[in-house]
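Structure assessment
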Protein chains: 2
Amino acid sequence: VSSPPGEFALIERLLSRLGRPRRAILGPGDDCAILRPTRARQLFTIDSLVEGVHFRLTWGTPEELGARALTVNLSDIAAMGGVPTAAVVNLAVRSGLNLAFFERIYKGLGAAARASGVEVVGGNVTRADQLAITIALLGEVRGGAMRRDTARPGDTIYVTGTLGDAAAGLRILSRRLHGRGAARVFLVGRMLRPTARLKAGQRLAQIRPAPAAIDISDGLWQDLGHILERSGVGAEIDASALPLSDAYRATVGDDPALALGGGDDYELLFCLRRELAPSALSRRLGVMVTRIGRITAARGATLVGTDGARGRRIPAVAGWDQLRSRSGA
Amino acid sequence: VSSPPGEFALIERLLSRLGRPRRAILGPGDDCAILRPTRARQLFTIDSLVEGVHFRLTWGTPEELGARALTVNLSDIAAMGGVPTAAVVNLAVRSGLNLAFFERIYKGLGAAARASGVEVVGGNVTRADQLAITIALLGEVRGGAMRRDTARPGDTIYVTGTLGDAAAGLRILSRRLHGRGAARVFLVGRMLRPTARLKAGQRLAQIRPAPAAIDISDGLWQDLGHILERSGVGAEIDASALPLSDAYRATVGDDPALALGGGDDYELLFCLRRELAPSALSRRLGVMVTRIGRITAARGATLVGTDGARGRRIPAVAGWDQLRSRSGA
């Protein structure tokens, strides 16, 4: 579309340096990439990071930004239990950024791609007022695929890792929360350098029947809402069971509001027909797993807790309001 | 990524209305779409339309915009000779636009998808300062694939359709050119409602050896430059042979500058080892085909002409300068 200014050609060239395609028959530089046929079912997703909405350049390094742009997509593949394979990148470039900056973005993106076995096979560069990185990612389903619409009453609900760290990190970065020392470093790192739970997702997808699953990108409460809505069920969540990191407790305290409503954690939420011990699941998935509640036949999501949280009003952080209005809870 | 405001959920729901997936196993509404395995090689591409860069809302209807966002991607599939199959859509939404507007965008996008056999299987909505529609598209190579890097000295160069119409239409829309009557309607329509030459591309891809090909999105001169650069060859183009529409001649005159340098035509440029008569090719491809020059061993692109264009300096419209500096012509 339309003629890019001269520097764009250079930025486009960066794309072609992201790695020599192995599985791809033809990589960047033509109208389309050419990929080999697949015997597996394929996963297909798209996600975007927009400056001023999802990141500010003052928060971290360009390398972190490039890696995170891929990770938010990898997390969608992880939530289905898939193996990521090939990506195309659309870069919206604003003025005031130099070529070295984009080289660093691509360096981070390329490293994240190599680490996850993804080939960046093509891309597009456009002018815009805001920097934005939009990535479409393909993956393969080699075992079963985990979906949002298969949760059943009686299922046990689990999450990987700890919740609310990235939301706390975001608030530290935007000076709405004070953090210090190692706790600050940990929380900010969880925001800027999230991990997609690819291995955990792939191992989960081998369980029969396949768990219902989703990645927690918009906050536990909102993403749980997607599962409930698509599956036509409800849930009871134990507030006291929510996995909070030491850094979270040191910085935020025991209030689970950010763990419930804050986004950007990129942990997995999943629902098992047969209850398994969190310790066994943790070993199997290679990441800490916590049991947080149960799927119910009654619609809506209820928050209960053994530490006095029962009946406590959860602060209306993002995600919480939406689920409440949607589910009638 | 991050929590969208309430209305976003509604806009996201629009996506799921774009059609009932037939080939897809799972359409919009989960972390990823699930597609069936393919026996064919796959094509993968991404392209973006950004408000203020590629379009203004005052130029046309939301339906036209939605359709055009898909067409610019379809054109990349056409240039490879492929059959488009599945798309994911990233919509960047700015404030000041209502739900009815997005319904109309999706209506146009959905109609274009149905007309080209594409399933919109997923998407993402994000907030931004500029409206932008970014689409990643998959296709299949059922015969041969046309590439940019297979042009050889002696090949004959052809284009489909007429050139420069969209560039003239753009200049009329932005009041840099005066157009009137049917000519104005035609030229503006070529800008707002481009056609991807899918059938022509698929039929071209059956010719052996497979033609080198590219779609003319950035202007003939610049896109020819991509073929020359990737193939390591040069070209001689006959200025007097460039196919100009009656509307172009009535509005712009006989100056081929816009036909050489203007973008957004989405016609195909292709190079045949064995010269075929344009009339026979036109019948075969279902669209007018014009012979415009020849691939040379000597690098660089040369413009010659029988109407006194030889040696004429081509105005430095977008695309022309870039090729000149890149190819050393």
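The preceding data block contains the structure.
The notes below deal with the structure included here. Fair warning: this is a prediction, and the values are worked out from it, not measured in the lab.

Residues and elements named next belong to chain A. Structurally, D223 can be placed in helix 7 (residues 220-231). Although buried, D223 forms no salt bridge, and the nearest oppositely charged side chain, R148, lies 5.5 Å from it. Contact partners of D223, with chain neighbours within four places excluded, come to I214, D215, I216, S217 and D218.

One pass over the structure, following the stated rule, counts 31 salt bridges over all chains. E51(A) serves as the salt-bridge partner of R94(A), at 2.8 Å between the closest nitrogen and oxygen. Taken together, the positions of R94(A) in the loop between strand 4 (83-93) and helix 3 (99-116) and E51(A) in the loop between strand 3 (41-50) and helix 2 (62-80) put the pair 43 residues apart, joining distant regions of the chain. Classification of R94(A) as partly exposed rests on a relative accessible area of 21%. In this structure, E64(B) engages R193(B) in a salt bridge whose closest nitrogen and oxygen atoms are separated by 2.5 Å. Taken together, the residues E64(B) in helix 2 (residues 62-80) and R193(B) in the loop between helix 5 (181-192) and helix 6 (198-204) connect sequence positions 129 residues apart.

Bringing the sheet that holds strand 7 (residues 156-160) of chain A into the picture now. All names here are of chain A. The strand order across the open sheet formed by six strands is 8-10-7-11-9-12, and the pairing between neighbours is mixed. Of all strands in the sheet, those with a lone pairing partner are strand 8 (212-216) and strand 12 (300-304), marking the two edges. Direction aside, neighbouring strands of the sheet carry axes that sit 25° apart on average. The pairing of strand 7 with strand 11 (residues 289-296) spans five bridges and is classified as antiparallel. Across the sheet, V159 pairs through a bridge with T290, a residue of strand 11. Across the sheet, helix 2 touches strand 8 and strand 10 (267-272), and the angle it forms with strand 8 is around 160°. Helix 7 rests against strand 7, strand 8, strand 9 (234-238), strand 10, strand 11 and strand 12 of the sheet, and its axis sits at about 155° to strand 8.

It is worth spelling out the nonpolar core at this point. F102(B), L131(B), I157(B), L220(B), L242(B), L269(B) and F270(B) are the most contacted members of the largest nonpolar core, which has 98 residues in total. With 10 residues, the single largest contributor to this core is helix 2 of chain B. Look past the residues within four positions of I157(B) in its chain and what remains in contact with it is L224(B), A235(B), I237(B), L269(B), F270(B), C271(B), T290(B), R291(B), I292(B), G293(B), R294(B) and I295(B). Among the nonpolar cores identified, the runner-up in size contains 97 residues, and V93(A), L173(A), L198(A) and L220(A) belong to it.

Taken together, the five strands give an open sheet; going across it, the order is 5(A)-4(A)-6(A)-3(A)-1(B), and neighbouring strands pair in mixed fashion. The two strands at the open ends of the sheet, each matched to only one other strand, are strand 5 (119-127) of chain A together with strand 1 (33-35) of chain B. In this sheet, adjacent strand axes meet at a mean angle of 20° when their direction is disregarded. As paired elements, strand 3 of chain A and strand 6 (residues 132-141) of chain A share 10 bridges and run antiparallel to each other. Opposite D47(A), over in strand 6 of chain A, you have I135(A) as the bridge partner. Against the sheet, helix 2 of chain A touches strand 3, strand 4 and strand 6 of chain A together with strand 1 of chain B, its axis set at about 145° to strand 3 of chain A. Across the sheet, helix 3 of chain A lies against strand 4, strand 5 and strand 6 of chain A, angled at about 170° from strand 4 of chain A, the strand it touches most.

Our next topic: the pairing of strand 9 of chain A. All names here are of chain A. Here four bridges tie strand 9 to strand 11, and the two strands are oriented antiparallel to one another. What sits directly across from A235, in strand 11, is I295. Sheet topology places strand 9 next to strand 12; five bridges connect them, and they run parallel. Residue pairing for strand 12: A235 is matched across the bridge by A301.

On to the interface of chain B and chain A. Taken together, the contact between chain B and chain A spans 73 residues of the former and 73 residues of the latter. Summing the contributions of chain B and of chain A, the shared interface buries around 5,900 Å²; its carbon and sulfur component is 53%. Along the contact surface separating chain B from chain A lie four salt bridges. The salt bridge involving R148(A) is made with D30(B); its shortest N-O contact spans 3.7 Å. Where chain B touches chain A, the interface holds 22 residue pairs in polar contact (both at pLDDT 80 or more). When residues of the side of chain B that touches chain A are assigned to their parent elements, the largest contribution, 10 residues, is made by strand 2 (residues 41-50) of chain B. Two elements, strand 3 of chain A and strand 1 of chain B, share three bridges in a ladder whose sense is antiparallel. If you follow Q42(A) over to strand 1 of chain B, its bridge partner there is L35(B).

With that settled, the discussion passes to empty space enclosed by the protein. All told, the structure shown has one cavity of 30 Å³ or more when counted by the stated rule. Here the largest cavity defines a volume of roughly 150 Å³. Along the walls of the largest cavity sit 17 residues, with A92(A), A132(A), A92(B), A128(B) and A132(B) positioned nearest its centre. Residue composition of the lining of the largest cavity, grouped by class: eight nonpolar, nine polar and no charged.

What counts, and at which threshold
- Residues numbered from 1 in each chain as written.
- Chains lettered and ligands numbered in written order.
- Predicted model: local features only at pLDDT ≥ 70, side-chain atom pairs only at ≥ 80, totals over all residues.
- Heavy atoms only, no water.
- Helix = DSSP H or I, 4+ residues; strand = E, 2+ residues; numbered from the N terminus.
- Buried < 20%, exposed > 50% of the residue type's maximum accessible area, 1.4 Å probe, protein only.
- Lys, Arg positive; Asp, Glu negative; His and termini not counted.
- Salt bridge = Lys/Arg side-chain N within 4 Å of Asp/Glu carboxyl O.
- Contact = heavy atoms within 4.5 Å.
- Pairing = 2+ DSSP bridges.
- Axes fitted to C-alpha atoms, helices over the stretch in contact; angles between N-to-C directions.
- Core = buried A, V, L, I, M, F, W, Y, C linked by side-chain atoms within 4.5 Å.
- Buried area = accessible area lost by both parts, 1.4 Å probe.
- Polar contact = N/O pair within 3.5 Å; in protein donor to acceptor, adjacent residues only side chain to side chain.
- 1 Å grid on protein atoms, 1.4 Å probe; cavity = no way out; pocket = protein on both sides within 12 Å on 5 of 7 lines; lining within 4 Å.
- Points joined across faces, edges and corners; volume = space filled by probe spheres on them.
- Nonpolar A, V, L, I, M, F, W, Y, C, P; charged D, E, K, R; others polar.

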